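This is what each chain is made of:
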Amino acid sequence: MKDMMPDDISGEYQEHMFSYHDGTHRKVLFTNIETQLPEGSLIVSRADLRGIITDVNQSFIEMSAYHKDELIGQPHCILRHPDMPAAAFGDLWKMVQQRNKWHGYVKNLRKDGGFYWVYATVIANIRNGDITGFTSVRRRTSRTKINEAETHYQTL
Amino acid sequence: MTHNFTVSPDFNPSHISGWYIFNTWLQRAINEEIHLELYNSATEQRKAIADDQVQLIYANPYDATALVRDKGFIPVARADNKTDEAIIAVNHESLILNVEQLTDGTRISSTDDPDVRMMCMIMLEPAGLNKSNTITIQRDAYILIAKDLLKNDADIGFFLEDTYNELSDITKKQLRPIVHSQIHVIHHLLLVGPKLAHKKNDMQSSLLSMVDDPKGAGVLKSLNFERWIVVGQEEAEFMIDLMDTLAE
C-alpha cells in the first residue's frame, strides 16, 4: 500500500507508521476532523479470502474519500486508523472463518486524513459449502456507543 | 398442473390489477398454467411458502433469503432501476426533525414486512432505539400507517420508499420523511421454486424481451417497471449475504 500523501490531507495532521505481518510498512497521516455517516446510509463492501477489496458501494466511496479504482485491489486495512488497536479487531478473522458473524465499533481513516465511526458487521460468503470471500456492512451508530468504544480501545 | 404465483405483500395496492395482467401475460409466454394468489400479510404468505404452496414469487429481499437458502428457489429476474429503500416519516407538524431527536418510548407504526422493518430499525440505532425501548403498532397496510401518523396515534411510521412515494399527494403533504435509507444494492427478486425451475430460461428470455413488445410494455407500465433484467445466482447470493449481515 502506498503511503498517504500530504497533498491529499485537509487540515493539520499527525503521522503514524503501520508495520504489517508481511514486513511492509505504511505511513498514514491523520487529522481530528470527523465526518458523520449520513443517516440512512449503509457502507457495503466485499473482499476476497485475503481481505483484498473486490467491490464497494457508493456510500463506501463517498465516506472513504477514495476513488473506486483506488480501493479495488487494496487490502481493507487501507482504512485502518491509528487509534484502532489491533486487539479491537482481535477475533474478526477467526470468527468469520468459523462462519460466525463479527460485529464491532470501528474508527475508519479517510483519504483526506479525517475519520468516521461505524458499527461494522462482517460475514463469510459461503458457496457450495466453501468460504469464497467476505461481505462487510458498516452503519451509523450512536454517540454513546462511540464514546464507550473510544474509552475501551484506549485500554487495549 | 397449475402452479401458484405470489407477490410480496408490500406492493402498492394500486398495482394489484397489474400483477393479474402480468400473470396472464406470463402464462401465455411460457405456456404454463399459473394461478396468482395474493396474501394480506407477510405472515400469511410465509405460511403458504412453508406449506410448499408457492412455486413462483416476487419476493422481498428478506424472504428471498429463506427461499433460496432453505427452499431451493432460484433467481430469475428483477425490475431494473428499482432498489428497495425505506423511509421513516412523521406527521408534518411533528417537532422531530431527525432520528437522533427520538427518545425511549417512541411509538412506531409498521407493517409486518420484515425487510422494511429491519431497514428502519437499523436507521433508529443512532438514537439508541431498539425493540425493547420502542412501542410498535402493527398494521396490515401502509395507508394505515399514514393514518396513524395523521391522527398522532404514532410518532413515526415505517414505509417502503416506493409505497410512500405512491401515497396520494394530499396524504404526503401531511407527512414528512425524516430519513431515507441509502443502501442501493437490495431488490425484490422474481424467484422460481424447484417444481417450476425447468421454465427458468423460458421465463428469463420472455421477461427480457417484454419491453420490446407492445403488449409486454403495457404490462410493465401497469407494474410501474421500466424493464426486467436477469439475476444470476451470485447476484442473489450477494444480496442474501448482505441481508444476513443486517439481521441480528
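First, a word on what this report is: a plain description of the structure on this page. (Residues numbered from 1 in each chain as written. Chains lettered and ligands numbered in written order. Predicted model: local features only at pLDDT ≥ 70, side-chain atom pairs only at ≥ 80, totals over all residues. Heavy atoms only, no water.)

## Side note on unusual backbone geometry
Backbone phi values are negative for most residues with the exception of glycine, while trans is the configuration of most peptide bonds.
Residues and elements named next belong to chain B.
Logical step 1: The backbone of Asn81 sits at a positive phi, close to 55°, despite the residue not being glycine.
Logical step 2: Topologically, Asn81 is positioned in the loop between β4 (74-79) and β5 (86-91).
Logical step 3: The exposure class assigned to Asn81 is exposed, which follows from its relative accessible area of 55%.
Logical step 4: Phi at Asn152 takes a positive value of approximately 60°, unusual for a residue other than glycine. (Helix = DSSP H or I, 4+ residues; strand = E, 2+ residues; numbered from the N terminus. Buried < 20%, exposed > 50% of the residue type's maximum accessible area, 1.4 Å probe, protein only.)

## Some words on the interface of chain A and chain B
Logical step 1: With 24 residues of chain A in contact, the opposing surface of chain B contributes 27 residues.
Logical step 2: Taken over both partners, the interface formed by chain A and chain B buries close to 2000 Å², and the fraction arising from carbon and sulfur atoms is 51%.
Logical step 3: Where chain A touches chain B, the interface holds 6 salt bridges.
Logical step 4: Linking Glu234 of chain B and Arg46 of chain A is a salt bridge whose minimum nitrogen-to-oxygen distance equals 2.5 Å.
Logical step 5: At the junction of chain A and chain B, the tally comes to 12 residue pairs in polar contact (both at pLDDT 80 or more).
Logical step 6: When contributions to the side of chain A that touches chain B are tallied by element, the ones reaching two or more residues are β3 (42-47), α1 (58-64), β6 (115-127) and β7 (130-139) of chain A.
Logical step 7: The element that contributes the greatest number of residues to the side of chain A that touches chain B is β6 of chain A, accounting for 6 residues.
Logical step 8: Here the side of chain A that touches chain B is composed, by residue class, of 7 nonpolar, 11 polar and 6 charged. (Contact = heavy atoms within 4.5 Å. Buried area = accessible area lost by both parts, 1.4 Å probe. Salt bridge = Lys/Arg side-chain N within 4 Å of Asp/Glu carboxyl O. Polar contact = N/O pair within 3.5 Å; in protein donor to acceptor, adjacent residues only side chain to side chain. Nonpolar A, V, L, I, M, F, W, Y, C, P; charged D, E, K, R; others polar.)

## Quick look at the sheet that holds strand β8 (residues 156-160) of chain B
Residues and elements named next belong to chain B.
Logical step 1: The mixed open sheet is built from 5 strands, whose spatial order is β7-β6-β8-β5-β9. If you trace the sheet from one side to the other, it starts and ends with β7 (134-138) and β9 (175-180), each paired once. Averaged over all neighbouring strand pairs, the angle between strand axes comes to 30°, with direction disregarded.
Logical step 2: Pairing analysis gives 4 bridges linking β5 to β8, with the strands arranged antiparallel. By the bridge assignment, Ile88 is partnered in β8 with Phe158.
Logical step 3: Along the sheet face, helix α4 (residues 114-124) touches β5, β6 (106-110), β7, β8 and β9 and points at about 130° away from the line of β8.
Logical step 4: Relative to β8, helix α5 (residues 142-150) is tilted by about 155°, and along the sheet it contacts β5, β6, β7, β8 and β9. (Pairing = 2+ DSSP bridges. Axes fitted to C-alpha atoms, helices over the stretch in contact; angles between N-to-C directions.)

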